[in-house]
Amino acid sequence: MTWTVFLDTVLNNTLVFATPLILAALGGVISERAGVVNIALEGFMIMGAFGAAITAFYLGDEMGLGALGPWFGLIAAFLLGMLFAVPHAVASIHFRADQVVSGVAINFLAAGFSIFMVKILFEGSAQTKTIQNTFTKVQIPGLTDIPIIGKGILMSYPTTYIAVALVIFLYYLLYRTGFGLRLRAIGEHPHAAASVGISVYYYRYIAVLLAGGFAGIGGAGMSTAISNNFSHNTIAGQGFMALAAMIFGKWHPVGAMWAALFFGFANALAANGQVLGLTKYVPAEFLNMLPFVLTILALAGVVGKAVAPAADGRPYVKGQR
Amino acid sequence: MDDTNKLESVLVPLLSIALGLMVGAVMMLAMGYDPIAGYAALFQGIFGNAYNFGETLRAWAPLVFTGMAVAFAFRTGLFNIGVEGQFIIGSLTAAYVGAAWNLPPVLHALVAILAAMVAAGLWASIAGYLKARLQVHEVITTIMLNYIAMYTSNYLIRNYFIGHQENTPPIQPSASLEMPILSQVFDNARIHWGIFLAIVFAVLVYWLLFKTTKGYELRAVGFNPFASEYAGMNVQQNIVWSMAISGALAGVAGSGEVLGVYGYYSIQSGFSGIGFDGIAVALIGNNHPFGILLSALLFGGLSFGATSMQRLEDIPFEIIRVVIALIIFFVAANMFVKWLIGLFRRRKGQVSQQ
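Thresholds, definitions, all that
- Residues numbered from 1 in each chain as written.
- Chains lettered and ligands numbered in written order.
- Predicted model: local features only at pLDDT ≥ 70, side-chain atom pairs only at ≥ 80, totals over all residues.
- Heavy atoms only, no water.
- Helix = DSSP H or I, 4+ residues; strand = E, 2+ residues; numbered from the N terminus.
- Rg over C-alpha atoms; globule rule 2.2 N^0.38 Å.
- Buried < 20%, exposed > 50% of the residue type's maximum accessible area, 1.4 Å probe, protein only.
- Contact = heavy atoms within 4.5 Å.
- Areas by Shrake-Rupley, 256 points an atom, 1.4 Å probe, with all protein chains shown as cover.
- Lys, Arg positive; Asp, Glu negative; His and termini not counted.
- Charge placed at Lys NZ, Arg CZ, Asp CG, Glu CD.
- Salt bridge = Lys/Arg side-chain N within 4 Å of Asp/Glu carboxyl O.
- Axes fitted to C-alpha atoms, helices over the stretch in contact; angles between N-to-C directions.
- Parallel < 35°, antiparallel > 145°, perpendicular 65-115°, else oblique.
- Left-handed = near helix turned anticlockwise from the far one by under 90°.
- Nonpolar A, V, L, I, M, F, W, Y, C, P; charged D, E, K, R; others polar.
- Polar contact = N/O pair within 3.5 Å; in protein donor to acceptor, adjacent residues only side chain to side chain.
- UniProt positions renumbered as here; feature names shortened; annotations may be inferred.
- Phe/Tyr/Trp six-rings, centres within 6.5 Å; stacked < 30°, edge-to-face > 60°.
- pLDDT = per-residue confidence, 0-100.
- Core = buried A, V, L, I, M, F, W, Y, C linked by side-chain atoms within 4.5 Å.

Here we look at the overall build of chain B
Each helix and strand counted, chain B has 15 helices and zero strands in total. In terms of overall size, chain B behaves like a compact globule, its C-alpha atoms giving a radius of gyration of 21 Å where 354 residues would be expected to give roughly 20 Å. Over its C-alpha atoms, taken along the principal directions, chain B stretches across nearly 75 × 60 × 35 Å. Buried positions account for 56% of the 354 residues belonging to chain B. Counted over contacts in chain B with a minimum sequence separation of 6, partners at least 24 positions apart contribute 76%. Counting only carbon and sulfur atoms, one obtains 65% of the accessible surface of chain B, whose full area is about 15500 Å². Looking at charge distribution, chain B has the averaged site of its 17 positive side-chain charges lying 10 Å from that of its 17 negative ones.

Written as structure tokens, this is what we have:
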């Protein structure tokens, strides 16, 4: 294997694996910046992957919309992610629930509900039928021929471009608009924000619902770009990885993106370890656990202290202090 | 705690269970199933015959331990989502000691359980140490440690401890927790000594938490670390101890499954879920060892009985996972349930006034 092919493969797979993580991590960023902890990313991703898979299957394959199917899938995933964010938002914001426990419940709910529905829709099978019309990698004539960047970076799934666009969008929203300033203020000191007339509830609802939507799109990418069906294995812990990417990236959209790319890189090494001949030197299991070990090391301060928004996870009670 | 609060601590979980089952019934109706037939099948799956009830009890034992592991951490102010990983470490250790060591019967099993406790406790204390020393949030570290435990265990089994196919070698008969007499009573259900261990440990944990100075200290640190520090307690050390004890309890769950049910441990492609179910068990059981004995029975029953729902009524058993999720959700959002109780009380009050 030549070096250019090696780079092409690893770079391209890095983007493929990082895309769902970037999207879900962005969801985590917006939610926690507003002060609501979001362990539920995993559940939102599951619902997104499920929603996109069945939409792409029924609209794209069965009803003949063809290549439009996965695009409708993305919309369905966004909406379904938001829908499942509603109970988490209500519990966390209005009923002052333990946000971690509520998130855990959402994860259970999504895992159970999605497979329940799949079994009903697909005659008892625990996975959807294979989707024929999935996302394909973008081919830009001419650009694809550029060495390394062409095949490594530019030839990616549409979801990758969406992810990068959303990173820029969220960065702009959080740090360059009044809306973002108010949203971040609520995550740091809700009572101070409330005292100048900002509705804590309003911003927190928007943040949690958007988190559901973003993570939903992340899940959609899994079932309609990377694999071509949905089962209980489709997400399998990626929501937690995204959560780790968010922390690794210090609750910042761009930081989260770099962290997700880093995890994607580790995953690409693990997935292609055999092909690349890496497993001759490092056992596959070690490659697989690399992202998790790195997260712990990062949190333990090797990469510098990560500080959560001050009011992250704290319910807001009107009039209290 | 006054009487209303005490009543609520029982009412909230009970109402949450009822609400969860109700929403489950609505979902079944919406999908064209008969919820009464569904729940009847569930009931039959739990109590229908001796075998079913025996298997329900088998499913009960590990849930008591994982539930207590989560609850112990909770009581001391920590959220241990890493029970699943500690369960894996306990399972692997018990399989190793059970297969590779030679010891007389009974003692062998006890040593294997003890080894599992120590290993899983040490594993959990990594998260405790990181929390105590570096203020790393235990929720994230324990989630990460779950995956690291799984891959580590798979690596060790594949490279150093492989028996037949993807399994470790079988444990020696001397390390077995099987209980043939009781198994026969329950029509060969894989019921084992673990169910008695569960009761013994529930009493032990109750005693440790509520009757000893150490238990008081651990709970105090969980309740208010700053006040505890002011009162002269070593907060950091107590956090590490809490995680270690929590992990040790998870380790017993793993050892029971290996020594009592399967006789070996396997390379895992995913999580068993028993550790995560512990979170639900702890919450419904109000984080109290005796409450957990009951809530684990509910969850063991629901999980095992659900397979009968699918077999007899063709209702996908995941509906029960949904019900369990809803129960956790309602317990977490207990203000909602309390609001319902309040609504009911007020209405009753008005009626009696008239």
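Some remarks on the pattern of salt bridges
Residue and element names in this part refer to chain B. All told, the structure shown has 10 salt bridges over all chains when counted by the stated rule. Residue Glu257 is joined to Arg58 by a salt bridge in which the shortest nitrogen-to-oxygen separation is 3.9 Å. Linking Glu257 in helix H11 (residues 235-262) with Arg58 in helix H3 (residues 50-75), this pair joins segments that are 199 residues apart in sequence. Pair check on accessibility: Glu257 and Arg58 agree, each one buried. Put simply, Glu166 and Arg158 hold a salt bridge, and the shortest N to O gap is 3.9 Å. Overall, the relative accessible area of 42% leaves Glu166 in the partly exposed class. Exposure remark for Arg158: the relative accessible area of 41% places this residue in the partly exposed category. Because the salt bridges share partners, they merge into one network encompassing Glu55, Arg58, Arg190 and Glu257.

Some details on the packing of helix H4 (residues 83-100) of chain B against helix H6 (residues 138-160) of chain B
For any two helices packed against each other, one specifies the crossing angle of their axes together with the interaxial distance. Residues and elements named next belong to chain B. Closest axis-to-axis distance for the H4/H6 pair is 7 Å, and the angle between their directions is 20°. In this view, H4 runs roughly parallel relative to H6, as classed from their interaxial angle. Seen along the crossing, H4 lies across H6 with a hand that is left-handed. Between H4, through Val83, Glu84, Gly85, Ile88, Ile89 and Leu92, and H6, the contact on the second element is made entirely by Asn146, Ala149, Met150, Ser153, Leu156 and Ile157. Among the residues forming the contact of H4 with H6, the class breakdown is eight nonpolar, three polar and one charged.

Concerning the interface of chain A and chain B
Tallying the contact residues gives 42 residues for chain A and 42 residues for chain B. One can count two salt bridges joining chain A with chain B. When the shortest N-O distance is used, the salt bridge between Lys119 of chain A and Glu318 of chain B registers 3.0 Å. The tally of links between chain A and chain B comes to three residue pairs in polar contact (both at pLDDT 80 or more). Those elements that provide at least two residues to the side of chain A that touches chain B are helix H3 (69-94), helix H4 (99-121), helix H10 (238-248) and helix H13 (284-302) of chain A. Among the elements that take part in the side of chain A that touches chain B, H4 of chain A stands out by supplying 15 residues, more than any other.

Some thoughts on unusual backbone geometry
Backbone geometry follows two general trends: most residues other than glycine have a negative phi, and most peptide bonds adopt the trans configuration. Residue Lys250 of chain A is not a glycine yet carries a positive backbone phi of 55°. Here Lys250 of chain A shows up in the loop between H10 and helix H11 (253-271). Residue Lys250 of chain A is classed as partly exposed on the basis of its relative accessible area of 37%. Residue Val106 of chain B is not a glycine yet carries a positive backbone phi of 65°. In this fold, Val106 of chain B is placed in the loop between H4 and helix H5 (107-134). When its relative accessible area of 60% is taken as the criterion, Val106 of chain B is described as exposed.

Focus on the UniProt feature "transmembrane region" (unreviewed entry) in chain A
Using the residue numbers shown here, the UniProt feature "transmembrane region" (unreviewed entry) corresponds to residues 12-30, 37-59, 71-93, 100-122, 153-174, 205-226, 256-277 and 289-308 of chain A. Taken as a whole, residues 37-59 of chain A contains 83% helix and 0% strand, while its terminal C-alpha atoms sit 35 Å from one another.

Here's the deal with the packing of helix H6 (residues 158-176) of chain A against helix H9 (residues 200-226) of chain A
All names here are of chain A. At a closest axis distance of 11 Å, the pairing of H6 and H9 adopts a crossing angle of 165°. Between H6 and H9, the angle falls in the class roughly antiparallel. Our pair here, H6 against H9, has a crossing hand that is left-handed. Residue-level inspection shows Thr159, Leu166, Phe169 and Leu170 of H6 in contact with H9, the latter providing Phe214, Ile217, Gly221 and Ala225. Looking at side-chain class alone, the contact of H6 with H9 contains six nonpolar, two polar and no charged residues.

A look at the packing of aromatic side chains
What the rule picks out here adds up to 29 aromatic pairs over all chains. For the pair Phe271 of chain B and Phe276 of chain B, a centre-to-centre distance of 5.8 Å together with 80° between the ring planes defines the contact as edge-to-face. Here Phe329 of chain B and Phe330 of chain B contribute two aromatic rings whose centre-to-centre distance is 6.1 Å and whose plane-to-plane angle is 65°, an arrangement assigned as edge-to-face. By the ring-pair criterion, three or more aromatic residues cluster together here, those being Phe292 of chain A together with Tyr147, Tyr151, Phe271 and Phe276 of chain B.

Comments concerning the confidence of the model for chain B
Residue and element names in this part refer to chain B. For chain B, per-residue confidence averages 89 on the pLDDT scale, and 97% of positions sit at 70 or higher. Of all helices and strands in chain B, the one with the weakest mean pLDDT is helix H15 (residues 334-353) (72), whereas H4 scores best (96). As a predicted assembly, this complex carries a pTM of 0.88 together with an ipTM value of 0.87.

Some words on the nonpolar core
It is characteristic of soluble globular proteins that their nonpolar side chains tend to be buried jointly. Judged by nonpolar contacts, the single largest core of 219 residues is most densely connected at Ile22 and Ile39 of chain A together with Met68, Phe79, Ile81, Leu259 and Ile320 of chain B. When sequence neighbours within four positions are dropped, the list of residues in contact with Leu259 of chain B reads Ala94, Ala109, Ala112, Ile113, Ile171, Ala175, Ser176, Leu177 and Glu178 of chain B. Residues Val10, Leu269, Ala270 and Leu276 of chain A belong to the second largest nonpolar core, which totals five residues.

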